[in-house]
Amino acid sequence: MDFLATTEAAIAAWHGITPPNDAARRLATDLASTVAAFEAVRGSLRFEDEPSSFEAALQECKE
Amino acid sequence: MRALADLGLVEAADAVARRDVTSTALLEACLARLDAVNKIVNATIWVDRDRARAAAAAADAALAAGKQVGRLHGIPLAHKDMYYQAGRPCTCGSAIRRDFVPDITCTVVQRLSDAGAYSFAGLNMAEFAQNPTGHNRAFGDCHNPWNPPYITGGSSSGSGAAVASGVTYASLGSDTGGSIRLPASACGVTGIKPTQTRVSRYGVMPLSFSADNVGPLTRSARDCARVLSLIAGTDPNDPTCSREPVPDYEAALTGDLRGMHIGVPTNAFTNIAEAPVIEALEAALKVLEGRGAIIVRLELPLMKAISAYVAVISRAEAAAIHSQWMRERAADYAVHLSARLYGGYAIPAAYYVEALARRGPVLKAFAAEVFGKVDLLATPTIPTCLPTLAETDIDHGPPGTEQKFMAVSINTRPFNYLGLPAASAPCGFDPNGLPIGLQIAGRPFAEARVLRAVDAYQRDTDWHRQRPPVVPR
């Protein structure tokens, strides 16, 4: 199955949502660039990282 | 002599406080300006003249009675139509919420009201605040007052157009990927996206829990400072809102930039920039140097990571928020919006969590490297000359229109991921007569420094004082 077909099938199975128009299919195809961008930063995530560190970082980095 | 509608917010508020002008006169000036320009710019979704006139009369009566008044006493304002005000429409720019009337009032509008301001209109916006151009299928596209076939920027399109046209002295916009800074840039006004968590979002339409910000669009840095001083600060109704003390932003506007290091990125923000934008940026840097700033060219770290992560957070969160309507009423969204939401459902949860989990470490590493060398960053807000509404119309344009549409916000999104404060101020015009914006960003909670730099720039330039051709002469 190609990337778009896989994506459509996953969205239908997990969310019950079908492509509303052709532009949706085009933008879904463009998710391949998101995959590529994540491939480029693989290995960055550390075991201890977690979302709550962001608010602490705002405080730590302030003037 | 300038028309009343063309006064700055602080000028207007000070004139009312001195009793040089009445609130009623200001309101009537705004309504007259609205009537003169709105057929061209389409900046409003609803207007409540009767209630506004009653509020203006009450404000004038309070002054006449010698009552203590707030810092925006008697000022008529209009906001992006996504701020809940009890008993008033709040369409969120959408067909789906066309008839929605909230029963609460959001914290930020309440704080402006406590300072003496009142609302008279709900302004046009991108549907559910989700496009960077100002297209709107439900209420009609918003048009740029400088050249109507061109985009206003979005999603706070009506805010940008209305402030530029003299319809309102200031307007609250929202910024998840650039939605304050883009219309500020495109319409030639001044806007600031505060630090993430700086301003309460209680009672404000959600788009992305992690990246939504509330902030003002006005005609100057000083006007932004006045509004931000009033709306910023902790709110018991919004547990995500910071307890960081709110400084006196207006007091920070000294005009003195001596010793302030301003960084200009060499590896990002100008990759697709066009010549008129670069020329305007370089000219602006010279003005800042004239005020004592030291310009530093530098490479920014982690831009690939920021670009990867910023692409998934708001998209995944917006998809979740809209899932029920996407199942049941997808045809009620504009094509460009349902198309963008659709792809959000395919973003893996592990990607979303990684983007959120890396946000703190990326911010710390970015700040250590960048703000160890400079105090602020300066970039173009929009790197290209403005496109037309037709060139960015995904709903009716050919395949490939999406790329032009998404490129509009390429320079604003990184600061949403990092949570940094960033302002946009006018710094020139492109060959089509459309404004060019200068973006200034700083450390977390450095709004005072950001506004000081913009204010200093505006002391030596008059781009922010120019009025678009749509304004009657």
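Here goes a summary of the coordinates provided. Just so we're clear, the structure is a prediction, and the values are computed from it rather than from any experiment.

### Focus: the overall build of chain A
Here is step 1: The helix and strand tally for chain A stands at four helices and zero strands.
Here is step 2: Along chain A, helices and strands appear, N-terminal first, in the series α-α-α-α.
Here is step 3: At 17 Å, chain A has a C-alpha radius of gyration far larger than the 11 Å of a compact globule built from 63 residues.
Here is step 4: C-alpha extents for chain A along the principal axes are approximately 45 × 20 × 20 Å.
Here is step 5: Within the span of chain A, comprising 63 residues, buried residues form 24% of the whole.

### Regarding the overall build of chain B
Here is step 1: Secondary structure summary: chain B contains 16 helices and 11 strands in total.
Here is step 2: Taken over C-alpha atoms, the radius of gyration comes to 21 Å for chain B, in line with the 23 Å a tight globule of 473 residues would show.
Here is step 3: Across its three principal directions, the C-alpha atoms of chain B cover 60 × 60 × 45 Å.
Here is step 4: Counting only contacts in chain B whose residues sit at least 6 apart along the sequence, the fraction spanning at least 24 positions is 78%.

### Section: the nonpolar core
Residue and element names in this part refer to chain B.
Here is step 1: Of all hydrophobic cores here, the largest spans 166 residues; its most connected members are I75, I440, V450 and L451.
Here is step 2: Here this core gets 11 residues from one element, more than from any other, and that element is helix α9 (residues 303–321).
Here is step 3: The contacts of I440, once residues within four sequence positions are left out, are L376, A378, A422, A423, V450, A453 and V454.

### Looking at the pairing of strand β8 (residues 294–298) of chain B
Residue and element names in this part refer to chain B.
Here is step 1: Note that strand β7 (residues 261–265) and β8 share five bridges and pair parallel. Within β8, the residue paired with P265 across the bridge is L298.
Here is step 2: Note that the unit made of β7, helix α8 (residues 275–290) and β8 has a crossover that is right-handed.

### Considering the packing of helix α2 (residues 22–29) of chain A against helix α11 (residues 335–344) of chain B
Here is step 1: Orientation of α2(A) relative to α11(B), taken along the N-to-C sense of each, is 40°, at an axis distance of 8 Å. Between α2(A) and α11(B), the interaxial angle falls into the category oblique. Judged by the twist between their axes, the crossing of α2(A) over α11(B) is right-handed. Two secondary-structure elements touch here, α2(A) through A:A23, A:A24, A:L27 and A:A28 and α11(B) through B:V335, B:H336, B:S338, B:A339, B:R340, B:Y342 and B:G343.
Here is step 2: Tallied by class, residues from the contact of α2(A) with α11(B) come to seven nonpolar, three polar and one charged.

### Focus: the sheet that holds β8(B)
Sheet strands associate in pairs through backbone hydrogen bonding, adopting either a parallel or an antiparallel arrangement.
All names here are of chain B.
Here is step 1: Spatially, β4-β6-β5-β10-β11-β9-β7-β8 is the arrangement adopted by the eight strands of the open sheet, whose pairing is mixed. Of all strands in the sheet, those bounded by a partner on one side alone are β4 (171–174) and β8. The sheet shows a mean angle of 30° between the axes of neighbouring strands, direction not considered.
Here is step 2: Pairing of β7 with strand β9 (residues 376–380) involves two bridges; the strand directions are parallel. Considered in β9, the bridge of I262 is made with L376.

### Looking at the interface of chain A and chain B
Here is step 1: With 36 residues of chain A in contact, the opposing surface of chain B contributes 42 residues.
Here is step 2: With seven residues, the top contributor of residues to the side of chain A that touches chain B is helix α4 (residues 53–60) of chain A.

### Some remarks on the pairing of β4(B)
Residue and element names in this part refer to chain B.
Here is step 1: What you see with β4 is no split at all: S171 and G173 on one side and L172 and S174 on the other are buried throughout.
Here is step 2: Across four bridges, β4 lies against strand β6 (residues 214–218) in antiparallel orientation. Bridge pairing links G173 to G215 in β6.

### With respect to the sheet that holds strand β1 (residues 44–47) of chain B
Residues and elements named next belong to chain B.
Here is step 1: Spatially, β1-β3-β2 is the arrangement adopted by the three strands of the open sheet, whose pairing is mixed. With one partner strand each, in any of the chains shown, β1 and β2 (76–80) form the two edges of the open sheet. Adjacent strand axes in the sheet meet at a mean angle of 35° when their direction is disregarded.
Here is step 2: Where β1 meets strand β3 (residues 118–123), three bridges bridge the pair, whose relative direction is antiparallel. Within the sheet, the bridge partner assigned to W46 lies in β3 and is G122.

### A closer look at helix α12 (residues 349–357) of chain B
Here is step 1: Those residues of α12(B) lying buried are B:Y351, B:Y352, B:E354, B:A355, B:L356 and B:A357.
Here is step 2: On its buried side, α12(B) packs onto α3 (31–40) of chain A together with α9 and α13 (359–370) of chain B.

### Points about the environment of B:A56
Here is step 1: Within the fold, B:A56 resides in helix α3 (residues 49–64).
Here is step 2: When the C-alpha atoms of B:A56 and B:L27 are compared, they prove to be 7.1 Å apart, with 29 residues separating the residues in sequence.

Scoring rules and cut-offs
Residues numbered from 1 in each chain as written. Chains lettered and ligands numbered in written order. Predicted model: local features only at pLDDT ≥ 70, side-chain atom pairs only at ≥ 80, totals over all residues. Helix = DSSP H or I, 4+ residues; strand = E, 2+ residues; numbered from the N terminus. Rg over C-alpha atoms; globule rule 2.2 N^0.38 Å. Buried ≥ 20, exposed ≤ 12 C-beta atoms within 10 Å, placed from the backbone. Contact = placed C-beta atoms within 7 Å. Core = buried A, V, L, I, M, F, W, Y, C linked by C-beta atoms within 7 Å. Pairing = 2+ DSSP bridges. Right-handed = clockwise from strand over helix to strand, strands pointing away. Axes fitted to C-alpha atoms, helices over the stretch in contact; angles between N-to-C directions. Parallel < 35°, antiparallel > 145°, perpendicular 65-115°, else oblique. Left-handed = near helix turned anticlockwise from the far one by under 90°. Nonpolar A, V, L, I, M, F, W, Y, C, P; charged D, E, K, R; others polar.

In short, geometric facts, not functional conclusions.
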